[in-house]
Amino acid sequence: MTEIVQQDENQLIAERRAKLTALRAAGVAFPNDFERKDYAGDIHTQYVAHSKEALEAEQVQVQFAGRMMLKRVMGKASFATLQDMSGQLQIYVSNDNVGEDVHGAFKHWDLGDIVAATGTLFRTKTGELTVQAKSVRLITKSLRPLPEKFHGLTDQEQKYRQRYVDLMTNVDSRNVFLTRSKIVQAIRQFMISHGFLEVETPMMHPIPGGAAAKPFKTHHNALDMELFLRIAPELYLKRLVVGGMEKVFEINRNFRNEGLSTRHNPEFTMMEFYEAYRDYRYLMDFTESLLREAARVATGSEQVSYNGTIVDLGKPFDRLTITQAIQKYNPEYTDAQLNDRDWLISWFESHKGKYRATDGLGGLQLSFFEETTETLLIQPTFIIDYPAEVSPLARRSDSQPEITERFELFMVGRELANGFSELNDAEDQAARFMEQVAQKEAGDEEAMHYDADYIRALEYGMPPAGGCGIGIDRLVMLLTDSASIRDVVLFPQMRLE
C-alpha cells in the first residue's frame, strides 16, 4: 500500500514539474512583483458584521495572496480558499471577471500553489465573505501535493520532521506557536515593566557552569581551544550583577547533552532573571505574578486545562519542604523513615529507584521525592529548602546551614522553575566548586567545573541577590495543553532519516 501511495505521489510531482517547465518556458515562473496590501484575518475582523448590501455599496477592494488549500471548479466560474499567515479567505474566479484564458489556466493550478488575487469583497448566497477576483496570478508553483484530504500530517514523526507541512495544514499547530509567541512577549513585557534590563550572554563557554548537566563540546580552530555550548547563563548573569547591572534577565537557549523524552529536548529555552537585594521568598511571589500574567495574556484566564485537569494559577501556590510534600501525597511514610539513611537506601534497592550512594540524607530525600511525589504535584507547588549538597550555587540558610534558600516550582508533575537566594560568599562558593570537582573526578559527568574567573568576580563583591530560571518550553506545554515538548518546539531534535 505504501509503495502504491509513493508511486501516486511521484506521478503527481512529475505532473507538477511539467507544469513548472511550461511556466518557465512562458517566462512567468516565480514572479516577485506582487504587492500584498491585505490579510485574510484582518478582512474577516473588519467586515464580519457587514451585510451583503453594505458590501455592495462600499465596494471594498482587496489585494492579498496565500496558499490554495481548497478549490471547486465549475464551468464558467470557480471558488478557491487561500490561506495566509492570518487565516483563510475565499475567492471567486469567473470568465466574466478574469477572462476565459486566465480562468482556464487557474483550473489547472494545484492545491498548495501560492496564488495572488485582487478584487472586490462580497458575500455569497451562503453568507461567506469572498473576493470576486478581477485578477489572479500563480506566484509560486508547489511541486509536492498536500497531505491527503488536507487534515494535516497524521504521522507524529513526520509532523516534527516536516513542521512546514504541519503548519500549513494544521490550524491547531499554528495556534500553539502563536500562543508561544504571546507567552514570550508577555514575559518580556512583564520583566521590562518591573525595571529589568534584557541582556545577552555567551552561548559558547570555556567552562560549562550554572547547572548540573552534561554539556555539548565543540572546538574553536583559531584559538585552538575546547568550548562548551551553554548549559545555563547563570554565572554570566551574576557577573553582571557584580558589575552593577542589578536587575537583569535573558530569554536564552541552553544545550544539554542528555536524553530525549516528552519533556526533554537537547536544545531548549529558558528565561533567567537576577535581582540584587532580594531573597528566594520574594522570588516565589514574583514568579507567581509573572506566570499568572503570562497565562492571562496567552489564554485569557488564570485557570488553564491540561490533560483534562484544571490547573489554577490564580490561587496562592502551595509551599512545601521536600519531606512535607512526600508526606502530603504519600502519608504512609513517617518522619522516622524519611530521616533514616539506611531505610531510604533499602527502599531504593527494593523498588529499583534511582539514587546516588554517595549522597547524604538530604540528597537521598530529594531522590525519594523524585521517585514518589514529583509526578503527583499537579497544582502549582513550590518545593523549598533544598539540601546544600545538591545546590552548589545557592545560599545556605542562616538557621539551618545544611539546607539552602532554594525552591523549585512544579505543575502537572514536572519542574517548571528553579530559583534561590544567591551564594555571594566567594570562599564558600570556591569550597562548593571543589566538592563538585571531587564528584566529577569520581565519575559524575554532570558535576560542575571549577570556574576561577567566577570566583574572582565574587571576590570583588556581589550584593545579596536572588535569581530564578523558568522553563519556557514546559510553560508553553502547560498553557497550550500539549503532551510533548516536541509539540511546542518548532524543529525538535530527531535522529537522521
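Cut-offs and rules
- Residues numbered from 1 in each chain as written.
- Predicted model: local features only at pLDDT ≥ 70, side-chain atom pairs only at ≥ 80, totals over all residues.
- Heavy atoms only, no water.
- Axes fitted to C-alpha atoms, helices over the stretch in contact; angles between N-to-C directions.
- Helix = DSSP H or I, 4+ residues; strand = E, 2+ residues; numbered from the N terminus.
- Parallel < 35°, antiparallel > 145°, perpendicular 65-115°, else oblique.
- Left-handed = near helix turned anticlockwise from the far one by under 90°.
- Contact = heavy atoms within 4.5 Å.
- Salt bridge = Lys/Arg side-chain N within 4 Å of Asp/Glu carboxyl O.
- Buried < 20%, exposed > 50% of the residue type's maximum accessible area, 1.4 Å probe, protein only.
- Pairing = 2+ DSSP bridges.
- Polar contact = N/O pair within 3.5 Å; in protein donor to acceptor, adjacent residues only side chain to side chain.
- UniProt positions renumbered as here; feature names shortened; annotations may be inferred.
- Patch = residues over 30% accessible without salt bridge, like charges linked within 9 Å, V, L, I, M, F, W, Y side chains within 5 Å.
- Areas by Shrake-Rupley, 256 points an atom, 1.4 Å probe, with all protein chains shown as cover.

A.B. asks: Help me understand the packing of helix α15 (residues 426-441) against helix α16 (residues 452-460) in this model?
C.D. replies: Two numbers describe a pair of packed helices, the interaxial angle and the distance between the axes. Interhelical geometry of α15 versus α16 gives an angle of 165 degrees and a closest axis separation of 9 Å. With respect to their mutual orientation, α15 and α16 come out roughly antiparallel. In this structure, α15 meets α16 at a crossing whose hand is right-handed. When α15 is examined against α16, the residues A426, Q429, A430 and F433 are found in contact with a partner set consisting of Y454, I455, L458 and E459.

A.B. asks: How do you make sense of the pattern of salt bridges when you look at a structure like this?
C.D. replies: If the charged atoms of two oppositely charged side chains come close together, the side chains can form a pair. Under the definition given, this model contains 33 salt bridges. When the shortest N-O distance is used, the salt bridge between D113 and K141 registers 2.9 Å. In this pair, D113 is assigned in the loop between α5 (100-106) and β4 (114-123) and K141 in the loop between β5 (129-140) and α6 (156-161), connecting sequence segments 28 residues apart. For R406, the salt bridge is made with E408, and the minimal N-O distance between the two is 2.9 Å.

A.B. asks: I keep staring at helix α17 (residues 472-480) and nothing clicks. Help me out?
C.D. replies: Since the α-helix packs 3.6 residues into each turn, any two residues three or four apart lie on the same face. Across the nine residues that make up α17, a large majority, nine, are buried. Turning to α17, its buried residues are I472, D473, R474, L475, V476, M477, L478, L479 and T480. Following α17 by one or two positions, D481 has its phi on the positive side, about 55 degrees.

A.B. asks: When you look at the sheet that holds β4 in this model, what are you seeing that I'm missing?
C.D. replies: Two pairing modes exist for strands in a sheet, parallel and antiparallel, and in both the strands are linked by backbone hydrogen bonds. Reading around the barrel, the five strands line up as β1-β2-β3-β5-β4 and close back on themselves, with mixed pairing between neighbours. If you compare each strand with its neighbour and ignore which way they point, the axes differ by 55 degrees on average. Sheet topology note: the strand β2 (residues 77-84)/strand β3 (residues 87-94) ladder contains eight bridges and is antiparallel. The partner of L82 across the bridge, within β3, is L89. Along the sheet face, helix α2 (residues 40-47) touches β1 (61-73), β2, β3, β4 and β5 and points at about 90 degrees away from the line of β3.

A.B. asks: Where do I start with the environment of R36 in this structure?
C.D. replies: Along the chain, R36 turns up in the loop between α1 (2-26) and α2. On the basis of relative accessibility, which here comes to 37%, the residue R36 falls in the partly exposed class. As for R36 and Q439, which are separated by 403 residues in sequence, their C-alpha atoms are 61 Å apart. In contact with R36, other than residues within four places in its own chain, are Q63, F64, A65 and D84. A polar contact is formed between the side chain of R36 and the side chain of Y39, at a distance of 3.4 Å.

A.B. asks: I would appreciate a short explanation of the UniProt feature "binding site: Mg(2+) 1" (unreviewed entry) in the chain in the present structure.
C.D. replies: With numbering matched to this structure, UniProt assigns "binding site: Mg(2+) 1" (unreviewed entry) to E408 and E415. Position of E408 among the secondary structure elements: in strand β16 (residues 406-411). Its relative accessible area of 9% is what places E408 among the buried residues. Residues contacting E408, with those up to four places away along its chain left out, are T381, F382, I383, Y386, E415, A417 and N418. Structurally, E415 can be placed in strand β17 (residues 414-421). Excluding residues that lie within four positions of it along the chain, E415 makes contacts with E374, E408, L409, F410 and R474.

A.B. asks: What exactly am I supposed to notice about a nonpolar patch on the surface here?
C.D. replies: Taken together, the side chains of Y164, L490 and F491 define a hydrophobic patch exposed on the protein surface, amounting to about 340 Å² of accessible area. Position of F491 among the secondary structure elements: in the segment after α17. Its relative accessible area of 56% is what places F491 among the exposed residues.

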